[in-house]
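Spelled out, the chains give:
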Amino acid sequence: MFLAAAALVAAGCRQDMHDTPRYEAYEASATFADGRASRGAPTGTVARGWLREDEALYTGKVAGELVDQFPFAIAHADLMRGQQRFNIYCTPCHGKLGDGHGMVVQRGLRQAASYHQDRLREEKAGYFFDVITNGFGAMQGYAEQVPVRDRWLIVAYVRALQLSQHASVNDVPADKRGELDASAAETPSASTEKPVAAAPAAEKH
Ligand code: HEC
């Protein structure tokens, strides 16, 4: 009996500690003029890791104008990662070629845009970054899923896809043109897979 009473008293003391005055999230408070206990960050402060001074990098624009220049140099390994990210995030709708015939489109979802149309070929790199970041029409933005740098790598790969379907012999370095002819002669039927030979097919889109 004594033990039980002692335990109760002890528990009572502990409870006092648990009831330390504090505000719950979104609770009202008379302390501040706006009546809210939760305070916003003071004006002009930036949370660690959120300083976004490089406008081109984070928005694809400079002074509101879309940029065509990538905000950092794209190496071959970057392009490979761009391809991988593209295949994960974009192919379900846009297809591996970027022609808009991804699997979910084949299964009846809304037609996604083909990148192989003049308007999009002429769009600046920053435009694609903006579409990936903020979405476009029926397409949602991918800012939540795809980090900034990866978005640019995807843009680089979209550019590579565009070129793959729309290039002329002049786009091939002079010392490599011989290789094109050689492989075309070897396998004439596979010639449509060569970037140069595929250009006419791309006009259909
Ligand atoms: C769930 C399907 C879906 C996915 C995934 C998707 N898109 Fe789209 N995308 C669309 C649709 C649909 C449109 C056409 C939207 C419209 O016209 O309203 C579109 C349009 C576009 C356009 C053309 C905008 C214009 O000016 O016409 C670009 C560029 C684009 N998407 C890039 C991407 C990239 C890059 C990814 C991957 C990060 C991606 N999309 C992922 C469905 C998708």
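Bear in mind the structure is a predicted one, so any value in this text is a computation, not a measurement. (Residues numbered from 1 in each chain as written. Predicted model: local features only at pLDDT ≥ 70, side-chain atom pairs only at ≥ 80, totals over all residues. Heavy atoms only, no water.)

> Now, about the pattern of salt bridges: what can you tell me, with residues and values included?
The tally for this structure, following the rule as stated, stands at seven salt bridges. One salt bridge connects R22 with E24, and the closest N-O pair in it is separated by 3.2 Å. Judged by its relative accessible area of 56%, R22 is exposed. Connected through salt bridges with shared partners, the residues D34, R36 and R39 form a single ionic network. (Salt bridge = Lys/Arg side-chain N within 4 Å of Asp/Glu carboxyl O. Buried < 20%, exposed > 50% of the residue type's maximum accessible area, 1.4 Å probe, protein only.)

> Give me the packing of aromatic side chains: which residues, what numbers.
In the structure shown here, the tally under the stated rule is six aromatic pairs. Aromatic pair Y127 and F128: ring centres 6.0 Å apart, planes at 85 degrees, arrangement edge-to-face. For the pair Y127 and F128, one class covers both residues: buried. Within the aromatic cluster, the residues linked to one another by ring pairs are F70, F129 and W152. Positioned over the ring face of F72 is R149, at 4.3 Å from the centre of the ring. (Phe/Tyr/Trp six-rings, centres within 6.5 Å; stacked < 30°, edge-to-face > 60°. Lys NZ or Arg CZ within 6 Å of the ring centre and 35° of its normal.)

> Go over the site of the ligand, please, and point to the residues and values.
Within the structure, the ligand sits among 21 residues, and C90, C93, H94, Y127 and M139 are positioned closest to it. Here an oxygen atom of the ligand sits 3.2 Å away from a polar atom, N or O, in the side chain of R110. Within the backbone of A138, a nitrogen or oxygen atom sits 2.9 Å from an oxygen atom of the ligand. Taking a 2 Å distance to the grid points as the criterion, the majority of the atoms of the ligand fall inside the largest pocket. Among the secondary structure elements, those contributing two or more residues to the shell around the ligand are α4 (91-94), α6 (118-122) and α7 (125-134). Of all the elements, α7 adds the most residues to the shell around the ligand, at four residues. Here the residues of the shell around the ligand are counted per class, giving 16 nonpolar, three polar and two charged. (Near = heavy atom within 4 Å. Polar contact = N/O pair within 3.5 Å; in protein donor to acceptor, adjacent residues only side chain to side chain. 1 Å grid on protein atoms, 1.4 Å probe; cavity = no way out; pocket = protein on both sides within 12 Å on 5 of 7 lines; lining within 4 Å. Sits in = over half its atoms within 2 Å of the grid points. Helix = DSSP H or I, 4+ residues; strand = E, 2+ residues; numbered from the N terminus. Nonpolar A, V, L, I, M, F, W, Y, C, P; charged D, E, K, R; others polar.)

> Pulling in residues and values, what's your account of the layout of surface pockets?
Here the largest pocket is characterised by a volume of approximately 610 Å³. Counting residues per element, the lining of the largest pocket draws most heavily on α7, at four residues. Its residues placed into classes, the lining of the largest pocket shows 19 nonpolar, four polar and two charged. (Points joined across faces, edges and corners; volume = space filled by probe spheres on them.)

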